[in-house]
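Spelled out from the first residue to the last, the chains are:
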Amino acid sequence: MAKVVYMGVPFLTQPHKTTITSSKPFKLSHRTHSTNISILSSTNNGSANRSVKPQKLNSDISPHRAVSAVRLMRIELGGAFADLLNEKGKGSGENEMGYVQRTLGFRTRELNNQDLRLVTEIVGGTIRWRRYLDHLISSLCHDKDISSMEPLLLQILRIGFYEIVKLDMPPYAVVDENVQLAKAALRPGAGNMVNGVLRKLVVLKENETLPLPKVEGDDRSQARALATLYSHPVWIVRRWTKYLGQEEAIKLMIWNNIEPSYSLRANRAKGFSRDDLVTELNALKVPHKLSLHLDDFVRIKTGLQIIIHAGLFKEGLCSVQDESAGLIVSIVDPQPGETIVDCCAAPGGKTLYMAAHLSGQGMVYAVDVNSGRLRILKETAKLHQVDGVVTTVHADLRTLTDGEPLKSNKVLLDAPCSGLGVLSKRADLRWNRKLEDMEQLKKLQDELLDAASTLVKPGGVLVYSTCSIDPEENDDRVAAFLERHADFHIDPVDRYVPPDFVTPKGFYSSNPVKHSLDGSFAARLVRTL
Ligand SMILES: C[S@@+](CC[C@H](N)C(=O)[O-])C[C@H]1O[C@@H](n2cnc3c(N)ncnc32)[C@H](O)[C@@H]1O
């Protein structure tokens, strides 16, 4: 049992804050090196007459592990979206302790920046390496069916396994801390179980005898082994082996398992140049590199939390945008005075960048079927001071184009897709996608291409793009479209992006392994006069 301090004086002077008061009464238990403190907090947001609910502070438990375990549960149980990067600061830890309190029944000390970095690393890594970790866990639990394990116990084991095997953290500290967490959050027996399994793992790792599969046998067996070793679903391994060959497929999986780097775009619409951004990053001591391809972009590997806290995103001075997305905007080539239709626009990354190119003259019509995402686009356009050249249109593109639709010289269709090019950033996506999704997506992409094409004036341009590296969503969709629409032809993209990104057919393709960017695709199609 950990030491418990109960503090019983309701706070009245600072109604919005959770307060620890050191007045009485105290109740101490036997252990001396730990502190469980009940904190009294308001439940109805500051009313003087509020009820007071005691909250336990458990200072034995490392905050990053408690927060990671709870966040992983929320993600796995569908209560949260694994968006580890939230520009509005939700991912900064401010909301996390409430979830910990409600799920585990106690709070830990607040997260500092180091803890926040660890949470990001552990949650992202544990999700990415899930298949690999689960293979080890079930091997060490005598091939027990881990799907029947208590969800919280499983998450604690995954965290411990990840910390020991992939983060090379000091193993006995990891064992001890995860045992403490299991004991406090579940029961002493769960702590004993975690202790036994993690200790077994430490020995196997030290002896280099981890029970891992060998890549041998027929294609299917090899795919299964690779799927475990590099922690991807078997269907993705088989697909990439078919399209890229085994060696490239392995390189891509290795890339997807590395902590991703990010690009930032300076918002010139707000008079904030890349030089200004660089000055800010220097002041914040965030290491960065200038983009080789785009004037408004810089790359960072670490420091995103620092930038969030500094308020650069909240002020609309810059945003997180991958250069691969920026290059798609280069292919649209927006010019002041033009009218552009962005057919699947939300949450608006490309809309906003296109709008910034217009220098206040012209219009981007941002169409999307999802009203919530479109609302975010509208708010961000205001924040970025491009709302004067952005009009949102809430509609299903396929019905919007019935009758006599608006005709434009430039139309961008950034289609819904598998996202197989962005698996390094979207840690959970590989587990959520299914092979069956591909057929549905391809059908939707064809329908949206047909609809988008009706918006293009004779002589106008249709850019079709995805954040996928799958030829069936990319080249094949364009080929099928051109068969249905003889009035369109390919306009090679070599005038708009560096040659390294241009495919033999004249399309744009970014390759994560080759370009260290997200994987994406675009085709520029021109309607004959
Ligand atoms: C890949 S995302 C677009 C990302 C966006 N272009 C950006 O750069 O931020 C695809 C979007 O297509 C929208 N969408 C899906 N089906 C649609 C439809 N039938 N009509 C209009 N929008 C649709 C989704 O709501 C989603 O926001």
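Just so we're clear, the structure is a prediction, and the values are computed from it rather than from any experiment.

**So, the domain arrangement of the protein**
- Assigned domains within the protein: domain 1 (63-206), domain 2 (219-256), domain 3 (262-320) and domain 4 (323-423 + 433-527).
- Here domain 1 and domain 3 have C-alpha centroids that lie 32 Å from each other.

**Observations regarding the site of the ligand**
- Lining the immediate environment of the ligand, one finds 18 residues, of which Cys344, Gly349, Asn370, Leu397 and Asp414 sit closest.
- Mapped by element, the contributors of at least two residues to the shell around the ligand are α14 (349-357), β9 (363-368) and α16 (397-400).

**A word on the environment of Leu210**
- By secondary structure assignment, the location of Leu210 is in the loop between α7 (188-206) and α8 (219-229).
- C-alpha of Leu210 to C-alpha of Tyr172: the two residues are 38 residues apart in sequence and 17 Å apart in space.

**Topic: the sheet that holds strand β5 (residues 288-290)**
- Taken in spatial order, the four strands make up an open sheet running β5-β6-β4-β7, and their pairing is antiparallel. One side of each edge strand has no neighbouring strand; the edge strands of this open sheet are β5 and β7 (318-320). Strand-to-strand twist in this sheet, taken as the mean axis angle between neighbours without regard to direction, amounts to 30 degrees.
- Looking at chain direction, strand β4 (residues 262-266) and β7 are connected through three bridges and run antiparallel. Among the inter-strand pairings, Leu264 is bridged to a residue of β7, identified as Val320.

**Some points on helix α3 (residues 113-128)**
- The end-to-end C-alpha separation of α3 is 22 Å, in line with the 22 Å expected for 16 residues at 1.5 Å each.
- Along α3, the residues that are buried comprise Asp115, Leu116, Leu118, Val119, Thr120, Ile122, Val123, Gly124, Gly125, Thr126, Ile127 and Arg128.
- Buried residues belonging to α3 abut α1 (63-76), α4 (130-140), α5 (151-166) and α12 (304-310).

**Comments concerning the packing of α5 against α7**
- Axis separation between α5 and α7 bottoms out at 10 Å; the angle between their running directions is 25 degrees. If you check the angle between α5 and α7, you find them roughly parallel. Considering how the two elements wind past one another, α5 and α7 form a crossing that is right-handed. Facing Leu153, Ile156, Leu157, Gly160, Phe161, Ile164 and Val165 of α5, the residues of α7 in contact are Ala190, Val194, Val197, Leu198, Leu201, Val202 and Lys205.
- Grouping the amino acids of the contact of α5 with α7 by side-chain chemistry returns 12 nonpolar, one polar and one charged.

**With respect to the packing of α3 against α5**
- Where α3 contacts α5, the axes come no closer than 10 Å and their chain directions differ by 95 degrees. Relative to α5, the element α3 is oriented roughly perpendicular. Taking contact as the criterion, the partners of Ile122, Gly125 and Thr126 in α3 are, on α5, Arg158, Ile159, Tyr162 and Lys166.
- Split into classes, the residues belonging to the contact of α3 with α5 amount to three nonpolar, two polar and two charged.

**Examining the environment of Val67**
- Within the secondary structure, Val67 sits in helix α1.
- Separated by 388 residues in sequence, Val67 and Leu455 have C-alpha atoms that sit 48 Å apart.
- Other than its neighbours up to four places away in sequence, Val67 contacts Glu96, Val100, Leu111 and Val119.

Thresholds, definitions, all that
Residues numbered from 1 in each chain as written. Predicted model: local features only at pLDDT ≥ 70, side-chain atom pairs only at ≥ 80, totals over all residues. Domains from an automatic or database assignment. Near = placed C-beta within 6 Å. Helix = DSSP H or I, 4+ residues; strand = E, 2+ residues; numbered from the N terminus. Pairing = 2+ DSSP bridges. Axes fitted to C-alpha atoms, helices over the stretch in contact; angles between N-to-C directions. Expected span 1.5 Å × (residues − 1). Buried ≥ 20, exposed ≤ 12 C-beta atoms within 10 Å, placed from the backbone. Contact = placed C-beta atoms within 7 Å. Parallel < 35°, antiparallel > 145°, perpendicular 65-115°, else oblique. Left-handed = near helix turned anticlockwise from the far one by under 90°. Nonpolar A, V, L, I, M, F, W, Y, C, P; charged D, E, K, R; others polar.

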